Amino acid sequence: MSPTIYRMSLALIILPFGMMSVSPAGDSQSLSCWLVEDIAGTESKPRAILQTPVLIQFTDAAGLTQSSPVTADPDTLLLHVFDPSGKLSPEFTTCEITHHLPQEVSLTWGRSLTEEKISPPALARTWYTLAASNSKDGRAVSLVLGPLGDRKDHFSVSLAVYSSSFVQRARLGKSLTLPCGMWKGHQPRFSVEWRHRALGDGSLRYANEGWKDKVEEQDPQCHLNFSALHDEGDASLLIENVEIAHQGTLLCNVYVPYLRAQREIHLVVTAKPQVTLQPSPLFARPGEEVTLSCDILRFHPLDISVDFLVQLPEESHPTLLTGKSQSAHIHNQDGTYSISAFQRVIASNDLNGARYFCRVTHVSTPRGLSSSQTLRVAGVSRPSIEDIMYLFLTALILYGTLSFLRQKATSLTAQDLKVQKNKSE
Ligand SMILES: *[C@@H]1O[C@H](CO)[C@@H](O)[C@H](O)[C@H]1NC(C)=O
């Protein structure tokens, strides 16, 4: 038997036991990733980004693989990863690995983590950060992978920061929870920090020394639930009264001694506009040109679409009008926008009773918004139900008044007759 065949048959004998002891289901547990490295330039070569395909093979604590690794091509790096956090899943659709450099944190809320200044020797070995997400359900994780045992290709998750969604929408003025969870094994020391990054501008929103329950920095509107933080590792940021300024990317950073992991959530703040169609009421003479104006106030974000429609009295559906125009947008102080849209209409007898709509489509309102006015063309008499009701009511009131007056008159005459009668006696 050649050595290769010997090794293969040995593997075939061992593998079924490995499968049984770890995962009775025995399904393939692996994830494809890319190792992204920044290669410094030399005299002969420019700086470059090197991408290497990686296959992550899930293992148990002893480094035993649950199923035989998918034999990848020789260029693929095979890493065996033990994940006690349970956050790594073969369902992730994107996965990227970068080198992680364990180091002390010089921030105020990071110093106490490593105050003894004694670092474990394992820190000198290879560490990675793995960032993965699932485009279908929005889940995302960042994991720090450290050495597992003595083998160079075996790793264990040391820290995990995860989030149930990487895009979050919030309504202006409402309160909001930005989801972020952490797993840090038995490590008691940690700090949490939330940063905000918007178009070229970053700021700290919240920071604590979590293990000492000490808040170091805090926006008045931002806080963390400390009991949830300790009990469930829930580092979600609670924001009261969301402002447009909160929009952007929020970074949830978790620090444990010498390691850190970060998850980002993109926050979109929406504001539902107020829509009014003018003039109100809508009256015109035949042949007169009227400009309908639709005011759309205080919305966010800016992307919006406005349409004018008309529904004639005998039609069941409104139809789209062409030839609208739109004002430039106004940027309000609270960060919201306002615009006006215009539509010219020439009144004619046929248009009497036509209903004009201004319809707005915006991300803040899934069903859309609209405002409408009914055109009344002067000199066209086509009595509507309201007109008939109005005439009927008028007649009724007139009848009531007249009969009251008549009664009054009759009783007066009777009284007069009585008085005259008394006088004559
Ligand atoms: C904090 O989290 C706990 C769960 O750990 C929950 O029961 C409690 O209602 C939360 N408090 C607030 C103010 O949200």
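Residues numbered from 1 in each chain as written. Predicted model: local features only at pLDDT ≥ 70, side-chain atom pairs only at ≥ 80, totals over all residues. Heavy atoms only, no water.

Visitor: Just to check I follow, could you spell out the nonpolar core for this structure?
Guide: Here is a general trend for soluble globular proteins: nonpolar side chains tend to be buried in one another's company. By size, the foremost hydrophobic cluster in this structure holds 32 residues, and its most contacted members are L178, W194 and L237. V306, I339, L375 and V377 belong to the second largest nonpolar core, which has 26 residues in total. (Core = buried A, V, L, I, M, F, W, Y, C linked by side-chain atoms within 4.5 Å. Buried < 20%, exposed > 50% of the residue type's maximum accessible area, 1.4 Å probe, protein only.)

Visitor: Sorry if this is basic, but what is going on with the state of the cysteines here?
Guide: Two cysteines form a disulfide when their sulfur atoms are joined by a covalent bond. Summed over the entire model, instances satisfying the criterion amount to three disulfides. One disulfide in the model links C180 with C252; its S-S distance is 2.0 Å. Linking C180 and C252, the disulfide has an S-S dihedral of approximately -75 degrees and is accordingly described as left-handed. Here C180, found in the loop between β9 (176–178) and β10 (181–183), pairs with C252, found in strand β16 (residues 248–256); they are 72 residues apart in sequence, far enough to count as distant. With respect to burial, C180 and C252 carry one shared label: buried. By sequence-ordered numbering of the bonded cysteines, the protein chain has its disulfides arranged as 1-2, 3-4, 5-6. (Disulfide = S-S within 2.5 Å. Helix = DSSP H or I, 4+ residues; strand = E, 2+ residues; numbered from the N terminus.)

Visitor: In this structure, what is going on with the site of the ligand? I would like to understand it.
Guide: Taken together, N225, S227, A228 and E232 make up all the residues around the ligand. Contacts to the ligand include N225, whose side-chain N or O atom sits 2.3 Å from an oxygen atom. Out of a free accessible area of 360 Å², the ligand has 34% covered by protein chains. Residues that form the shell around the ligand fall into these classes: one nonpolar, two polar and one charged. (Near = heavy atom within 4 Å. Polar contact = N/O pair within 3.5 Å; in protein donor to acceptor, adjacent residues only side chain to side chain. Areas by Shrake-Rupley, 256 points an atom, 1.4 Å probe, with all protein chains shown as cover. Nonpolar A, V, L, I, M, F, W, Y, C, P; charged D, E, K, R; others polar.)

Visitor: Can you help me understand the pattern of salt bridges in this one?
Guide: Between side chains of opposite charge, a pair can form as their charged atoms come close. Throughout the structure, instances matching the rule amount to eleven salt bridges. In this structure, D137 and R139 form a salt bridge, with 3.0 Å as the shortest nitrogen-oxygen distance. Note on D137: relative accessible area 41%, which makes it partly exposed. Where R298 meets D334, a salt bridge forms, and the shortest distance between an N and an O atom there is 3.3 Å. With R298 in strand β20 (residues 289–299) and D334 in the loop between β24 (330–331) and β25 (337–346), the pair connects residues that are 36 residues apart, well separated along the chain. Since its relative accessible area comes to 35%, D334 is described here as partly exposed. (Salt bridge = Lys/Arg side-chain N within 4 Å of Asp/Glu carboxyl O.)

Visitor: What is the right way to read the side chain of E193 from this model?
Guide: Topologically, E193 is positioned in strand β11 (residues 191–198). Look at E193 and you get buried, because its relative accessible area is 1%. A polar side-chain atom of E193 sits 2.9 Å from a polar atom in the side chain of R195. Those residues in contact with E193 that lie beyond four places of it in its chain are L107, W109, L204, Y206, A207, L251, C252, N253 and Y255. (Contact = heavy atoms within 4.5 Å.)

Visitor: Quick question: what am I supposed to make of the packing of aromatic side chains here?
Guide: Each aromatic ring pair is characterised by the separation of its centres together with the angle its planes make. Counted under the stated rule, the structure contains two aromatic pairs. Centre to centre, the rings of F299 and Y337 are 6.3 Å apart; their planes meet at 45 degrees, and the pair counts as tilted. Of this pair, F299 sits in strand β20 while Y337 sits in strand β25, placing them 38 residues apart in sequence. Y337 matches F299 in its accessibility class, with the two residues each being buried. Its end group placed over the ring of Y162, K87 keeps NZ or CZ at 4.1 Å from the ring centre. (Phe/Tyr/Trp six-rings, centres within 6.5 Å; stacked < 30°, edge-to-face > 60°. Lys NZ or Arg CZ within 6 Å of the ring centre and 35° of its normal.)

Visitor: How should I be thinking about the sheet that holds β9 in this particular structure?
Guide: Sheets are built from strands that pair by backbone hydrogen bonding, the pairs being arranged parallel or antiparallel. With antiparallel pairing, the three strands of this open sheet are ordered in space as β9-β15-β14. Two strands in the sheet have a free side with no partner beyond their single neighbour: β9 and β14 (222–223). Pairing between β14 and strand β15 (residues 237–239): two bridges, direction antiparallel. Bridge pairing links H223 to L238 in β15. (Pairing = 2+ DSSP bridges.)

Visitor: Please clarify how unusual backbone geometry should be interpreted in this entry.
Guide: Most of the time, phi is negative for any residue but glycine, and the peptide bond is trans. Of note, the bond from S280 into P281 is cis; its omega dihedral lies within 30 degrees of zero at 0 degrees. Positionally, P281 belongs in the loop between β18 (274–278) and β19 (282–284). Following H300, the chain continues into P301 via a peptide bond in cis, with omega recorded as -5 degrees. Considering the arrangement of structural elements, one finds P301 in the loop between β20 and β21 (305–311). A positive phi angle, near 70 degrees, is found at Y258, a position not held by glycine. Tracing the sequence through the fold places Y258 in the loop between β16 and β17 (259–270). Judged by relative accessible area, Y258 falls into the buried class, the value being 11%. The phi dihedral of R298 is positive, around 60 degrees, even though this residue is not glycine.

Shape descriptors only; they carry no functional weight alone.
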